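Close look at the chain arrangement
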Amino acid sequence: MKAEVHAQRASTSGCTLLCLAPAGGPDAVQLSLTVLVNVSRSQPEAGPDADQDDEDVTVSVALAVTEEVTYEFEAELELPARAVADPEALRDCLAENEEVWLDHLNPLTHCVSVDERSLDNAGLVLAA
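Because the structure is a prediction, the values reported are computed rather than measured.

Topic: the overall build of the protein chain
Tallying secondary structure elements over the protein chain gives three helices and six strands in all. Each helix and strand of the protein chain, ordered N terminal to C terminal, gives the series β-β-β-β-β-α-α-α-β. Per-residue burial for the protein chain yields a buried fraction of 7% across its 128 residues. Long-range pairs, those at least 24 residues apart, make up 57% of the contacts in the protein chain between residues at least 6 apart in sequence. Surface accessibility of the protein chain: about 10,400 Å² in total, with carbon and sulfur atoms responsible for 50%.

Printed below as a string of structure tokens:
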């Protein structure tokens, strides 16, 4: 679901309301009039004339991130003799048989660099 989100200060209660407006189109979803989101103020208001559009709020957000990383490590492996005679044959053998070396890869100690990172999805975590 895609939605426009904006914070609005309720003048009567003094609470910050988080307004969700569904995006139009065939996948539009109607939200109930009483959707609750945990929101807390990150810093005190500057005064009654403070710009509400620039007000910071704290919300729970669920993120999905994809990273392309490079691992460099050494491992002692048992391989067919024909595979070690040629660098291309070695690479092909290891690519076709991940189970031979995959247990030797430790993402906590072998991550050399993050080559690419993309934010795939983000959404507010609504209060139950």
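Structure's up, so let's keep going.
Things to note about the pattern of salt bridges
Enumeration over the complete set of coordinates arrives at two salt bridges. Glu67 is the salt-bridge partner of Arg117, the closest N and O atoms lying 2.6 Å from each other. Residue Arg117 is located in strand E6 (residues 111-124), and its partner Glu67 is located in strand E5 (residues 61-71); the two are separated by 50 residues in the primary sequence. Overall, the relative accessible area of 39% leaves Glu67 in the partly exposed class.

A look at the packing of aromatic side chains
Inspection of the entire model under this criterion finds one aromatic pair. Taking 6.5 Å as the distance between ring centres and 45 degrees as the angle between the ring planes, the aromatic pair formed by Phe73 and Trp101 counts as tilted. With a gap of 28 residues between them, Phe73 in the loop between E5 and helix H1 (81-84) and Trp101 in the loop between helix H2 (87-96) and helix H3 (107-110) connect regions that are remote in the sequence.

Structural notes on a nonpolar patch on the surface
A cluster of nonpolar side chains, namely Val61, Leu63, Val65 and Leu119, defines an oily patch on the protein surface of about 380 Å² accessible area. Considering every element that reaches the nonpolar patch, the biggest residue donor is E5, with three residues. Locating Val61 in the fold gives a position in strand E5.

As for the environment of Arg117
Taking relative accessible area as the criterion, Arg117 reaches 55% and is therefore assigned exposed. Spatially, the C-alpha atoms of Arg117 and Thr66 are 5.8 Å apart, while their sequence positions differ by 51 residues. Ignoring sequence-local partners within four residues, the contact set of Arg117 consists of Val65, Thr66 and Glu67. Side chain to side chain, Arg117 and Glu67 meet in a polar contact 2.6 Å long.

So, the confidence of the model for the protein chain
With 57% of its residues at a pLDDT of 70 or more, the protein chain has an overall mean of 74. The secondary structure element of the protein chain with the lowest average pLDDT is strand E3 (residues 40-41), at 53, and the one with the highest is H2, at 95. Contacts for the low-pLDDT stretch residues 25-35, under 50 throughout, to residues beyond four places or in other chains number eight contacts.

About the cut-offs
Residues numbered from 1 in each chain as written. Predicted model: local features only at pLDDT ≥ 70, side-chain atom pairs only at ≥ 80, totals over all residues. Heavy atoms only, no water. Helix = DSSP H or I, 4+ residues; strand = E, 2+ residues; numbered from the N terminus. Buried < 20%, exposed > 50% of the residue type's maximum accessible area, 1.4 Å probe, protein only. Contact = heavy atoms within 4.5 Å. Areas by Shrake-Rupley, 256 points an atom, 1.4 Å probe, with all protein chains shown as cover. Salt bridge = Lys/Arg side-chain N within 4 Å of Asp/Glu carboxyl O. Phe/Tyr/Trp six-rings, centres within 6.5 Å; stacked < 30°, edge-to-face > 60°. Patch = residues over 30% accessible without salt bridge, like charges linked within 9 Å, V, L, I, M, F, W, Y side chains within 5 Å. Polar contact = N/O pair within 3.5 Å; in protein donor to acceptor, adjacent residues only side chain to side chain. pLDDT = per-residue confidence, 0-100.

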